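Structure assessment
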Amino acid sequence: MTGPTQSFDPNAPDILLYEHFWRVQKQFLARQRKAFEEVETLYHYTTAEGFKSILDGREFWATHIAHLNDSSELEYGLTLLKDRLGVLEAVRPNEYVRLFVERAREQFRHAAVMLFRAYVVCFCENGNLLSQWRGYASGGGGYSIGLSRHLESPILSNGEANLIEKHGLVQLRKILYDGSEQTRLLDELLIGLVPIFEQYGAIMHRERFRVEIVDNAVMQLQTVLADLLPCFKNPSFREEQEWRYVYFAERHPVPNERFRIRNGSFVPYIPLRLLDSENGPLRVAQAFCGPTLNPELAIWTVHELAGSLGYTNVDVRPSGIPLRF
């Protein structure tokens, strides 16, 4: 008499993989939404030209993430991922995990710019931060725009804001600087795959397991990482207190990618209409004038400019930081 045979549901691995990745991603998004609900105002540092362009056109230029000032950003996240893959292989040294690690290393060996087509607009929780004045606002001669959310914005309920001008979906993300939190998220993604690999690896032909389980897992992992890695930054940048609106071009085709020239290079960007209740989730509530500007004259001029463009009740303040050159 033979024992019972183990049945195999061809759809079960796909379902288990999807449920695992979605569970981790859903928890990540829930923490993001909670963080956003606790923030009243976010600030965008820019030059005088940028300030006028944003208010006049009621839009921000979302820059391709590979062209941000810190060119190592995505490489930082990918390096951390590769380290955690090595840890996974060391602590669970079986053939099923090795197949996955080999395939993942091969996939993520490619340049980050090819894997993550994200366009971002950067903000800060602090509207009067010396490092931001120096780095993004003409060395202190620019402005920071304080933007408050509209309470009726759908971003409060589902983490996404529907935009006009056929821009699809854009998502607000808080940057993660805590290395232990970054590691925990990656480990949660990777270690949760092991039971699935071990369960189905034992009953499937090696090649079929590689194609149907491993390749599927790598593909779904890449989708989740496209959401997470644009939020990972080196802890040394913690002072920036950064948030980002992120447009994921892989999910929603870019309707009108444009290019500007910076330091002899072409920089891809797309315009995002984030201002005002009719066009987006943010309203202009405040502005700081840079520390190297004449405070009285700058405040008066910004009030005049904002009023001429239809912005009312904007709280304009001087920086007050004693920055001189």
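Residues numbered from 1 in each chain as written. Predicted model: local features only at pLDDT ≥ 70, side-chain atom pairs only at ≥ 80, totals over all residues. Heavy atoms only, no water.

Another aspect to go through is unusual backbone geometry. With a phi close to 55 degrees, Arg58 is a non-glycine residue in the positive phi region. Secondary-structure assignment places Arg58 in the loop between α2 (48-57) and β2 (60-64). For Gln241, which is not glycine, the phi torsion reads 50 degrees and is therefore positive. The topology assignment puts Gln241 in the loop between α10 (206-228) and β7 (242-248). (Helix = DSSP H or I, 4+ residues; strand = E, 2+ residues; numbered from the N terminus.)

Let us now look at a nonpolar patch on the surface. Among the surface-exposed residues, Phe259, Ile261 and Phe266 lie close enough to one another that they form a single nonpolar patch of about 390 Å² accessible area. Following the sequence through the fold, Phe259 ends up in strand β8 (residues 258-262). (Patch = residues over 30% accessible without salt bridge, like charges linked within 9 Å, V, L, I, M, F, W, Y side chains within 5 Å. Areas by Shrake-Rupley, 256 points an atom, 1.4 Å probe, with all protein chains shown as cover. Salt bridge = Lys/Arg side-chain N within 4 Å of Asp/Glu carboxyl O.)

What follows is about the pairing of β8. Alignment of β8 against strand β9 (residues 265-272), held across 5 bridges, turns out to be antiparallel. Considered in β9, the bridge of Arg262 is made with Ser265. The loop that links β8 with its antiparallel partner β9 comprises 2 residues; one of these, Asn263, has a positive phi angle of about 55 degrees. (Pairing = 2+ DSSP bridges.)

Once that is clear, we can look at the packing of aromatic side chains. The tally for this structure, following the rule as stated, stands at 9 aromatic pairs. With a centroid separation of 5.6 Å and an interplanar angle of 70 degrees, the aromatic rings of Tyr96 and Phe209 are classed as edge-to-face. One end of the pair, Tyr96, is in helix α4 (residues 95-107); the other, Phe209, is in helix α10, and 113 residues separate them in sequence. Owing to a relative accessible area of 1%, Phe209 belongs among the buried residues under this scheme. (Phe/Tyr/Trp six-rings, centres within 6.5 Å; stacked < 30°, edge-to-face > 60°. Buried < 20%, exposed > 50% of the residue type's maximum accessible area, 1.4 Å probe, protein only.)

Below, the discussion takes up α2. Taken as a whole, α2 has its buried residues at Gly50, Phe51, Ile54 and Leu55. For α2, the angular spread of buried residues about the axis comes to 120 degrees, placing them on one side. Immediately downstream of α2, the backbone of Arg58 shows phi near 55 degrees, a positive value. (Arc of directions from axis to C-beta.)

In this section: the pattern of salt bridges. Note that side chains of opposite charge can pair when their charged atoms are close. Evaluated as defined, the whole model comprises 16 salt bridges. A salt bridge links Arg206 to Glu95; the nearest nitrogen and oxygen atoms lie 3.5 Å apart. Note that Arg206 is positioned in helix α10 and Glu95 in helix α4, a separation of 111 residues in sequence. On the basis of relative accessible area, Glu95 is assigned to the partly exposed category, the value being 38%. Notably, a salt bridge pairs Arg244 with Glu242, separated by 2.6 Å at the nearest N-O pair. Residue Arg244 shares its accessibility class with Glu242, and that shared class is buried. Taken together, the salt bridges that share partners define one network made up of Arg103, Glu207, Arg210 and Asp215.

At their nearest, the axes of helix α1 (residues 12-37) and helix α9 (residues 194-201) sit 10 Å apart, and the two run at 170 degrees to each other. By the criterion of interaxial angle, the relationship of α1 to α9 is roughly antiparallel. Facing Ala12, Pro13, Leu16 and Leu17 of α1, the residues of α9 in contact are Ile196, Gln199 and Tyr200. For the contact of α1 with α9, the class distribution of residues is 6 nonpolar, 1 polar and no charged. (Axes fitted to C-alpha atoms, helices over the stretch in contact; angles between N-to-C directions. Parallel < 35°, antiparallel > 145°, perpendicular 65-115°, else oblique. Contact = heavy atoms within 4.5 Å. Nonpolar A, V, L, I, M, F, W, Y, C, P; charged D, E, K, R; others polar.)

Once that is clear, we can look at the pairing of strand β10 (residues 282-289). β10 sits mainly inside the fold: 7 of its 8 residues count as buried. Relative to strand β11 (residues 315-318), β10 runs parallel, the two sharing 4 bridges. Along β11, the bridge assignment pairs Phe288 with Arg317. A crossover links β10 with its parallel partner β11, the connecting element being helix α11 (residues 295-308), and its sense is right-handed. (Right-handed = clockwise from strand over helix to strand, strands pointing away.)

Running from N to C, helix α8 (residues 179-191) and α10 point in directions that differ by 170 degrees, and their axes come no closer than 12 Å. It follows that α8 is roughly antiparallel to α10 by the angle criterion. Between α8 and α10, the contacting residues are Leu185, Leu186, Leu189 and Leu190 on the first element and Leu221, Val224, Leu225 and Leu228 on the second. Split by residue class, the contact of α8 with α10 holds 8 nonpolar, no polar and no charged.

This brings us to the confidence of the model for the protein chain. Overall, the prediction assigns the protein chain a mean pLDDT of 83, with 83% of residues at 70 or greater. Low pLDDT, under 50, characterises residues 1-6; the stretch is placed with 1 contact to residues that sit more than four places away or in other chains. Every residue in residues 151-168 is under pLDDT 50, and counting partners more than four places away or in other chains gives 49 contacts. (pLDDT = per-residue confidence, 0-100.)

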